[in-house]
Number of protein chains: 4
Amino acid sequence: MRHEKVDVIFQAAVQVFAESGFDQAKMDDIAQAAGVAKGTIYYHFKSKEELFVGLMNEGMKRLIDCARRSIAVHDSPAEQLKALLHAHVHFFIQNEKLAKLVLNEAFGTKERQQQFRAKIREYLNLIQEILQKGMETGEFQLEHPQETASAVFGAASVVVLQKIYSLEQYGTQASVEAKIPAMIDSLQRVFFSGLTNHKT
Amino acid sequence: MRHEKVDVIFQAAVQVFAESGFDQAKMDDIAQAAGVAKGTIYYHFKSKEELFVGLMNEGMKRLIDCARRSIAVHDSPAEQLKALLHAHVHFFIQNEKLAKLVLNEAFGTKERQQQFRAKIREYLNLIQEILQKGMETGEFQLEHPQETASAVFGAASVVVLQKIYSLEQYGTQASVEAKIPAMIDSLQRVFFSGLTNHKT
Amino acid sequence: MRHEKVDVIFQAAVQVFAESGFDQAKMDDIAQAAGVAKGTIYYHFKSKEELFVGLMNEGMKRLIDCARRSIAVHDSPAEQLKALLHAHVHFFIQNEKLAKLVLNEAFGTKERQQQFRAKIREYLNLIQEILQKGMETGEFQLEHPQETASAVFGAASVVVLQKIYSLEQYGTQASVEAKIPAMIDSLQRVFFSGLTNHKT
Amino acid sequence: MRHEKVDVIFQAAVQVFAESGFDQAKMDDIAQAAGVAKGTIYYHFKSKEELFVGLMNEGMKRLIDCARRSIAVHDSPAEQLKALLHAHVHFFIQNEKLAKLVLNEAFGTKERQQQFRAKIREYLNLIQEILQKGMETGEFQLEHPQETASAVFGAASVVVLQKIYSLEQYGTQASVEAKIPAMIDSLQRVFFSGLTNHKT
DNA sequence: CATGAATGAGGCTTCATTCAT
DNA sequence: AATGAATGAAGCCTCATTCAT
């Protein structure tokens, strides 16, 4: 079992990194949030960078595991994609801080950001595999699985984040949870039926 | 010319901000890239923050104008959405630096980031209007135009950015331009037909 | 006749120097207050330092002239000291900004401050001469004219300044002018009768 | 010892602030004078301003305590005023740096300077109380205790400071200490007997 | 004479990291 | 294992001064 303090620090670090971004996040704040001395962080992590990378690896691993589990219980690619969208939305909402990190800290040129994107690519591959299997079985009609996987990931992520920030801004007490059905519905409609009216 | 230096600084700032992110970007680097003294930047902009905000306002304004123009030449919402996706992809590729800023610097809690999102919301509203008009004309089948607008924006943005970083990483000389058709095609397929095979 | 702009700049500079102190005073502020461009100041004065020195010379010259004039109309040293106290209080109130400069900017180790004190010493000498003449005529009873001159200057200056700042702080509309009699009376009583009750 | 460094920094700061004034004083110089790294100062004090305020609070507290002690051993207001003048001169000479700060940095409009004057007012109140008690007992003849308190403070402070700078300027090795009797005598004569010859 | 855009040296402050306890 | 005082490199910003117009 990992050392108890490591977890405490992890918890605190996600909070602080998500609130302030990597650069603005201060080791002091993380230490205070974790209730440990600053030195203690350096006893367990070589540097701020390493702490961040550890954090993000852990988080992305959990996202990918979560996605895998939700996929595993279905056979058809269509059902799997549906389940993945469902899982993605729920995970991003239950792990709001991590979700913010994904959009905030994954698209730069720094080493840690490239590592972040490497993890994201793992996740994208997962999506891509579903799409490709669907192409093979004839369930899906598409020609560019890689680009489409990005579209799925981008759409699902931005829908949730945009909603979170939207509610935060208006200071409404309305919980994001109440909006889950609308978000999932929108995403599933888009990716399954498209927007145009096929009945005509 | 009155604002000769201001433009030079703007150009340099986009480069540096996009390469390093707001926090890592050094005013020294921007000055050097612009070929002016550091003080000159402060003669024209009150602070790093203001320079950034001016930059992103200008950039988002251009994106929104570009989108508006591409929409204006079409009547049906379906054609307009198609044109918007097309314009978005082209704009993000031609303004790669700004595109990176959107995903890097727009989703935090800082004041400047909220201003950034306010501008993005303007753009989202543009998309949402198209969707709503389509709902009224019966061309579009959807229930949550706001969420769906986020999905459109997220999908289109991430598809392009992911492609850009992907090519950068492998150091291939393959130009992003060559991938434009695949990206646009993927997006249009998703949002128009959806992924599932309706022929069945 | 001196150039018109020089006076305008002088006026503005006293204000700004008095409000902010030499170091915090910005040439920009002086220029704006004077309604001229910054370059114009440098056309007339070699540097901030020189502007300050010119200013203070001019101001101290006026104080000394004012004191001399008030002394000239009296013959006895006692009457002269009385007149000088009177003149000092009035001058400090009518030239509040200069008065502030005296206490703010005259007691440091910088070159300009030593020049300032040299001017003040001129003024102190004037006081000292009165005291010495009084010693000779037997009107005054004192042994250390130099130290006593400092006491006169210090008492008179601080009484006025302390009053000015006192009224400023409480934001009262009460004019300093209304307090002139009390201030002059206090000073004259101290230096003429002392505080102890001689009637006993 | 817990606050070892804080004291060292305090000592160094008084020196540097007194020599250069608040604005010209460089944190680098204070750090060097204290023999600590610049960061160490900021570990203990939030800013240059706070360091200064802490310093002057401490200094004025010591001056006021010193005055109180010298007063406490006497009963009659006259004896008390005499003792206070004596104590003031000695304190200003033994704490020359602080004395310079009083005249250099207490009479501006900045927040820190107003705090400084608030402390000075505490001291002035002490003087004023003596004067008022003397008025009640009939020992003192005066009508404006507040203005007179300013006169006492101003006279005593300027007498000492003027002497210090005077000796510094002529580079004489003559110690200020040798002039103490002359200064105290002048002040006591002024405030007790006044300057005019009452024998006539 | 007057202007004001441009400069760049210099200062305050921050904060990741270290290390003696 | 844990602490937190100390460090110093690095960055943002200010502003007196210059100079081409």
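Anything mentioned here points back to the structure above.
Just so it is clear, the model here is predicted, and its values are computed rather than measured.

Cut-offs and rules
Residues numbered from 1 in each chain as written. Chains lettered and ligands numbered in written order. Predicted model: local features only at pLDDT ≥ 70, side-chain atom pairs only at ≥ 80, totals over all residues. Heavy atoms only, no water. Least-squares fit on C-alpha atoms with pLDDT ≥ 70 in both. Contact = heavy atoms within 4.5 Å. Buried area = accessible area lost by both parts, 1.4 Å probe. Salt bridge = Lys/Arg side-chain N within 4 Å of Asp/Glu carboxyl O. Helix = DSSP H or I, 4+ residues; strand = E, 2+ residues; numbered from the N terminus. Nonpolar A, V, L, I, M, F, W, Y, C, P; charged D, E, K, R; others polar. Axes fitted to C-alpha atoms, helices over the stretch in contact; angles between N-to-C directions. Parallel < 35°, antiparallel > 145°, perpendicular 65-115°, else oblique. Left-handed = near helix turned anticlockwise from the far one by under 90°. Phe/Tyr/Trp six-rings, centres within 6.5 Å; stacked < 30°, edge-to-face > 60°. Buried < 20%, exposed > 50% of the residue type's maximum accessible area, 1.4 Å probe, protein only. Near = heavy atom within 4 Å. Polar contact = N/O pair within 3.5 Å; in protein donor to acceptor, adjacent residues only side chain to side chain.

Visitor: I tried to follow the relation of the copies chain A and chain B on my own but got confused; where do I start?
Guide: The pair of chain copies shares a relation made of a rotation about an axis and a shift along it. Expressed as a screw transformation, the operator carrying chain A onto chain B has a rotation angle of 180° and an axial translation of 0.0 Å, and the superposed copies differ by an RMSD of 0.1 Å. Expressed as a symmetry operation, the mapping of one chain copy onto the other fits a two-fold axis. Residues of chain A ranked by C-alpha distance from the rotation axis are headed by A:Gly194, positioned 1.8 Å from it.

Visitor: What's the story with the interface of chain C and chain D in this structure? I'm lost.
Guide: On the chain D side, the residues contacting the 55 residues of chain C number 55 residues. For the chain C and chain D pair, buried surface summed over both sides reaches about 5200 Å², with 53% attributable to carbon and sulfur atoms. Between the two partners, chain C and chain D, sit four salt bridges. The residue D:Lys163 makes a salt bridge to C:Glu147 at a minimum N-O spacing of 2.6 Å. For the side of chain C that touches chain D, the secondary structure elements donating two or more residues are helix 1 (4-24), helix 6 (96-105), helix 7 (111-137), helix 8 (145-169) and helix 9 (180-193) of chain C. Broken down by element, the residue count for the side of chain C that touches chain D peaks at 15 residues, all from helix 8 of chain C. Residues that form the side of chain C that touches chain D fall into these classes: 21 nonpolar, 22 polar and 12 charged.

Visitor: Can you help me understand the packing of helix 7 of chain C against helix 8 of chain C in this one?
Guide: What describes two packed helices is the angle between their axes and the distance between those same axes. All names here are of chain C. Interhelical geometry of helix 7 versus helix 8 gives an angle of 120° and a closest axis separation of 8 Å. Looking at the two axes, helix 7 sits oblique to helix 8. You can see that helix 7 and helix 8 cross each other, and the crossing is right-handed. Of the residues in helix 8, those touching helix 7 at Ile120, Tyr123, Leu124, Ile127, Gln128, Leu131, Gln132 and Met135 are Pro145, Gln146, Thr148, Ala149, Ser150, Val152 and Phe153. Taken together, the residues of the contact of helix 7 with helix 8 break down into 10 nonpolar, five polar and no charged.

Visitor: When you look at the packing of aromatic side chains in this model, what are you seeing that I'm missing?
Guide: Each aromatic ring pair is characterised by the separation of its centres together with the angle its planes make. Residues and elements named next belong to chain A. A full pass over the atoms with the stated rule returns 28 aromatic pairs over all chains. Relative to phenylalanine 153, the ring of tyrosine 123 has its centre 5.9 Å away and its plane inclined at 75°; by these criteria the two rings are edge-to-face. Of this pair, tyrosine 123 sits in helix 7 (residues 111-137) while phenylalanine 153 is found in helix 8 (residues 145-169), placing the two residues 30 residues apart along the sequence. Like phenylalanine 153, tyrosine 123 is buried.

Visitor: Would you take a moment to explain the protein's contact with DNA strand F for this structure?
Guide: The immediate surroundings of DNA strand F are formed by 31 residues, with A:Thr40, B:Tyr42, D:Thr40, D:Tyr43 and D:His44 found nearest. One of the side-chain N or O atoms of A:Thr40 is found 2.2 Å from a phosphate oxygen in DNA strand F. Between a phosphate oxygen of DNA strand F and a side-chain N or O atom of A:Tyr43, the distance comes to 2.9 Å. Elements that contribute at least two residues to the surface near DNA strand F include exactly helix 3 (38-44) of chain A, helix 3 (38-44) of chain B, helix 3 (38-44) of chain C together with helix 3 (38-44) of chain D. Classifying every residue of the surface near DNA strand F gives 12 nonpolar, nine polar and 10 charged.

Visitor: How do you make sense of the interface of chain A and chain B when you look at a structure like this?
Guide: By convention, interface size is frequently given as the accessible area that disappears when the constituent parts associate. Across the contact, 55 residues belong to chain A and 55 residues belong to chain B. Taken over both partners, the interface formed by chain A and chain B buries close to 5300 Å², and the fraction arising from carbon and sulfur atoms is 54%. When residues of chain A are sorted by the area they lose upon contact with chain B, A:Phe107, A:Gln141 and A:Leu195 head the list and together hold 15% of the total. For the pair chain A and chain B, the interface holds four salt bridges. At the surface where chain A touches chain B, the tally comes to 22 residue pairs in polar contact (both at pLDDT 80 or more). Elements with a minimum of two residues in the side of chain A that touches chain B: helix 1 (4-24), helix 6 (96-105), helix 7, helix 8 and helix 9 (180-193) of chain A. Per-element tally for the side of chain A that touches chain B: the top contributor is helix 8 of chain A, with 15 residues. Looking at the side of chain A that touches chain B, its residues break down into 21 nonpolar, 22 polar and 12 charged.

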